[in-house]
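# Examining the three-dimensional arrangement
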Amino acid sequence: HGSNNTVEIIGVGSAWMNGGSLSVGRVGTGNNLTIRDGGTVSSGWGFVGYNNQNDSNNTALVTGNGSVWRSSLLIVGNKGINNCLVISNGGNVSDSYGYIGYNYDGDAKDTGTNGNSVLVENSRSVWSNASELHIGFKLPNSQLVITNGASVFSQTGYVGRLTSNNTVLITGSGSAWTVGDLYVGHYYASQNKLIICNGGTVYSDSASLGYYWNSSNNVVLLTDSGSVWSNRGDMYIGNPGLNNSLLLSNGGAIASASLVV
């Protein structure tokens, strides 16, 4: 419990090994974890904003080549508000399951004020999810930004699952999300967005835009020359949701084995 506390792990050989859970902000605000210049953290479960709507404005920064945070489960904003993870300048975060905006119980309101986010920026910066990555799980207004040559990997990706108004932005040459099965708006999900622009790239094995009942008004925008979505398998627009849109503009390109509308 508490607010405005700071932990820093700095330099090669500096390590924090935690077999249980690591929480940055547990019933508190303004707490910070910094891993930089080759520092390492390992945790069983990791939280930036833990299990309370009052857990707000907590941050974790992983920056510099060789800086690593490994966790089997990583949640940025577990019912909390405006919690943030930044991976920059060659930092690396790896987990099995990643969530930005998580509300398993479903009792937090879709108020539009949650605003949890992850920023992955600069070449060699990586967020790797061995299994699933959720941008908004029963909690709205979460955001993932991949920019300036950074990379994100996941076996399955959800942009809005049982929630609304979540966004993924992939922008800049070399910025990429590599994902197996990709869902934009999954199961009673609306107004979620995937934006690929300014040379950003998505690589997927299969994709659905507006998956299952009441998944409506979800959007993929692919814009600017050099921006590419490459899908190896089937791509569904409305499956069977309503009013979902795929928009191509200003030289954005898409390649898919099949497209079902």
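See the structure shown above.
Residues numbered from 1 in each chain as written. Predicted model: local features only at pLDDT ≥ 70, side-chain atom pairs only at ≥ 80, totals over all residues. Heavy atoms only, no water.

The next thing to look at is the overall build of the protein. A count of helical and extended segments in the protein gives zero helices and 20 strands. For the protein, whose C-alpha radius of gyration is 18 Å, the value lies close to the compact-globule estimate of 18 Å for 261 residues. Taking the principal axes of the C-alpha coordinates as reference, the protein spans close to 50 × 40 × 25 Å. For the protein, buried positions account for 53% of its 261 residues. For the protein, the proportion of contacts with a sequence separation of at least 24, taken over those separated by at least 6, is 85%. Accessible surface computed for the protein: about 10,300 Å², of which carbon and sulfur atoms make up 47%. Across the protein, the mean location of the 10 positive side-chain charges is 3 Å away from that of the 13 negative side-chain charges. (Helix = DSSP H or I, 4+ residues; strand = E, 2+ residues; numbered from the N terminus. Rg over C-alpha atoms; globule rule 2.2 N^0.38 Å. Buried < 20%, exposed > 50% of the residue type's maximum accessible area, 1.4 Å probe, protein only. Contact = heavy atoms within 4.5 Å. Areas by Shrake-Rupley, 256 points an atom, 1.4 Å probe, with all protein chains shown as cover. Lys, Arg positive; Asp, Glu negative; His and termini not counted. Charge placed at Lys NZ, Arg CZ, Asp CG, Glu CD.)

On to the sheet that holds strand S8 (residues 92–102), then. A sheet is described by the order of its strands in space; here ten strands give the open sequence S2-S4-S6-S8-S10-S12-S14-S16-S18-S20, paired in parallel fashion. Taken across any chain shown, the strands that pair with only one partner, and hence form the sheet edges, are strand S2 (15–26) and strand S20 (253–260). Across this sheet, the average inter-strand angle for adjacent strands is 10 degrees, counted without regard to direction. (Pairing = 2+ DSSP bridges. Axes fitted to C-alpha atoms, helices over the stretch in contact; angles between N-to-C directions.)

Attention shifts here to the packing of aromatic side chains. Note on aromatic pairs: each is described by the distance of the centres and the angle between the planes. Tallied over the full model, the rule gives ten aromatic pairs. The interplanar angle of 20 degrees and the centroid separation of 5.5 Å between the aromatic rings of Tyr102 and Phe137 together place this pair among those described as stacked. Taken together, the residues span a long stretch of sequence, with Tyr102 in strand S8 and Phe137 in strand S10 (residues 126–137) at a distance of 35 residues. In this structure Tyr102 comes out as buried when scored by relative accessible area, which is 14%. When its relative accessible area of 11% is taken as the criterion, Phe137 is described as buried. Three or more aromatic residues link up through ring pairs in this structure, and these residues are Tyr158, Tyr183, Tyr187, Tyr188, Tyr211 and Tyr212. Looking at Arg26, its charged tip hangs above the ring of Tyr50, at a distance of 4.1 Å from the centre. (Phe/Tyr/Trp six-rings, centres within 6.5 Å; stacked < 30°, edge-to-face > 60°. Lys NZ or Arg CZ within 6 Å of the ring centre and 35° of its normal.)

What follows deals with the sheet that holds strand S7 (residues 84–88). To summarise the sheet geometry, strands pair through backbone hydrogen bonds and adopt either a parallel or an antiparallel arrangement. Ordered by their spatial adjacency, ten strands build an open sheet running S1-S3-S5-S7-S9-S11-S13-S15-S17-S19, and the pairing between neighbours is parallel. Each end of this open sheet is capped by a strand with a single partner; those strands are strand S1 (6–10) and strand S19 (245–249). On average, adjacent strands in this sheet sit at an angle of 5 degrees to one another, irrespective of strand direction. Bridge count between S7 and strand S9 (residues 117–121): five bridges; the pairing is parallel. Each residue of the ladder has a partner; that of Cys84, found in S9, is Ser117.

Counting residues in hydrophobic clusters, the biggest one holds 42 residues, and the most contacted among them are Trp69, Trp127, Leu144 and Trp177. The next biggest cluster of nonpolar side chains, apart from the first, holds seven residues, and it includes Phe47, Leu73, Ile75 and Phe137. (Core = buried A, V, L, I, M, F, W, Y, C linked by side-chain atoms within 4.5 Å.)

The next subject is unusual backbone geometry. In this structure, Arg124 takes a positive phi of about 80 degrees despite not being glycine. Tracing the sequence through the fold places Arg124 in the loop between S9 and S10. What makes Arg124 exposed here is its relative accessible area of 54%. Although it is not a glycine, Asn250 sits at a positive phi angle of roughly 50 degrees. Relative accessible area serves as the criterion here: at 62%, Asn250 is assigned to the exposed category.

In this section: the side chain of Arg161. Among the structural elements, Arg161 can be located in strand S12 (residues 151–161). Of the polar contacts made by the side chain of Arg161, one reaches the side chain of His186; its length is 3.3 Å. In this structure Arg161 touches Glu132, His134, Gly136, Phe137, Lys138, His186 and Tyr187, once residues within four positions along its chain are discounted. (Polar contact = N/O pair within 3.5 Å; in protein donor to acceptor, adjacent residues only side chain to side chain.)

Once that is clear, we can look at the pattern of salt bridges. Oppositely charged side chains can pair when the atoms bearing their charge come close. Taken as a whole, this structure holds two salt bridges when the rule is applied. With a closest N to O distance of 2.8 Å, Asp37 and Arg36 form a salt bridge. Judged by its relative accessible area of 42%, Asp37 is partly exposed. Between Arg232 and Asp205 there is a salt bridge, with its nearest N and O atoms 3.5 Å apart. Of this pair, Arg232 sits in strand S18 (residues 228–239) while Asp205 sits in strand S16 (residues 201–211); the two residues are 27 residues apart in sequence, bridging distant segments of the chain. (Salt bridge = Lys/Arg side-chain N within 4 Å of Asp/Glu carboxyl O.)

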